[in-house]
Amino acid sequence: MKSFIIIFSLVVSGLISGQPLDAQNISKGVTSISFNVEGVCGMCKSRIENSALVKGVKMAEWDKETHILKVVYNPKKISETEVHQAVIESGHDTEKIKASDEAYQKLPACCAFRDGVENH
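Residues numbered from 1 in each chain as written. Predicted model: local features only at pLDDT ≥ 70, side-chain atom pairs only at ≥ 80, totals over all residues. Heavy atoms only, no water.

How would you explain the packing of aromatic side chains if you had to name every residue and give the values?
Considering all chains together, one arrives at 1 aromatic pair under this definition. With 5.1 Å between their ring centres and 80 degrees between their planes, Tyr104 and Phe113 make a pair best called edge-to-face. Across this residue pair, the class does not change: Tyr104 and Phe113 are buried. A cation sits over an aromatic face here: Arg114 above Tyr104, 4.3 Å from the ring centre. (Phe/Tyr/Trp six-rings, centres within 6.5 Å; stacked < 30°, edge-to-face > 60°. Buried < 20%, exposed > 50% of the residue type's maximum accessible area, 1.4 Å probe, protein only. Lys NZ or Arg CZ within 6 Å of the ring centre and 35° of its normal.)

I'd like a rundown of the nonpolar core, residues and numbers included.
Counting 22 residues, the largest nonpolar core has Phe35, Val37, Cys44, Leu69 and Val71 as the members making the most contacts within it. At the level of secondary structure, the elements contributing two or more residues to this core comprise strand 1 (31-36), helix 2 (42-52), strand 2 (57-62), strand 3 (68-73) and helix 3 (80-88). Ignoring any residue separated from it by four or fewer positions in sequence, one finds Cys44 in contact with Gly39, Trp62, His92 and Cys111. (Core = buried A, V, L, I, M, F, W, Y, C linked by side-chain atoms within 4.5 Å. Helix = DSSP H or I, 4+ residues; strand = E, 2+ residues; numbered from the N terminus. Contact = heavy atoms within 4.5 Å.)

Can you break down the side chain of Glu49 residue by residue, with the values?
Structurally, Glu49 can be placed in helix 2. Exposure remark for Glu49: the relative accessible area of 15% places this residue in the buried category. At a separation of 2.8 Å, a polar atom in the side chain of Glu49 contacts the main-chain amide nitrogen of Trp62. In this structure, Glu49 is in contact with Ala60, Glu61 and Trp62, ignoring residues within four places of it in sequence. (Polar contact = N/O pair within 3.5 Å; in protein donor to acceptor, adjacent residues only side chain to side chain.)

Residues and numbers for the pairing of strand 3, please.
With 6 bridges joining them, strand 1 and strand 3 adopt antiparallel strand pairing. For Ile33, the partnering residue across the bridge sits in strand 3 and is Val71. Bridging between strand 2 and strand 3 involves 5 bridges; their strand directions are antiparallel. If you follow Val57 over to strand 3, its bridge partner there is Tyr73. Counting the residues in the hairpin turn of strand 2 and strand 3 gives 5 residues, including His67, whose phi is positive at 65 degrees. (Pairing = 2+ DSSP bridges.)

Structure follows, in structure tokens:
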């Protein structure tokens, strides 16, 4: 909730100032990325978002329909690769790195995206 309030405040202040709001203008020293993460359900959404919320990450939101994870982070504290690494440790593949078979096998059966499980 705190992250939402911060982001909302930044968006409103950006609109009032008349400057375009993009990834680089959210806040000095903070940037955003979006990338594909495989998953199929609400449990996956929670797991993916929670795994991405590591030190240096301000916000993580995964869309079940598009499989896109949006992350707002401080690149002085964490790299894009480290964000991907945090996600794959939860068992979910990203567009850059595949989760280990060991991590994937720890997922509940309903979350077995590699095994042809459909979104639900």
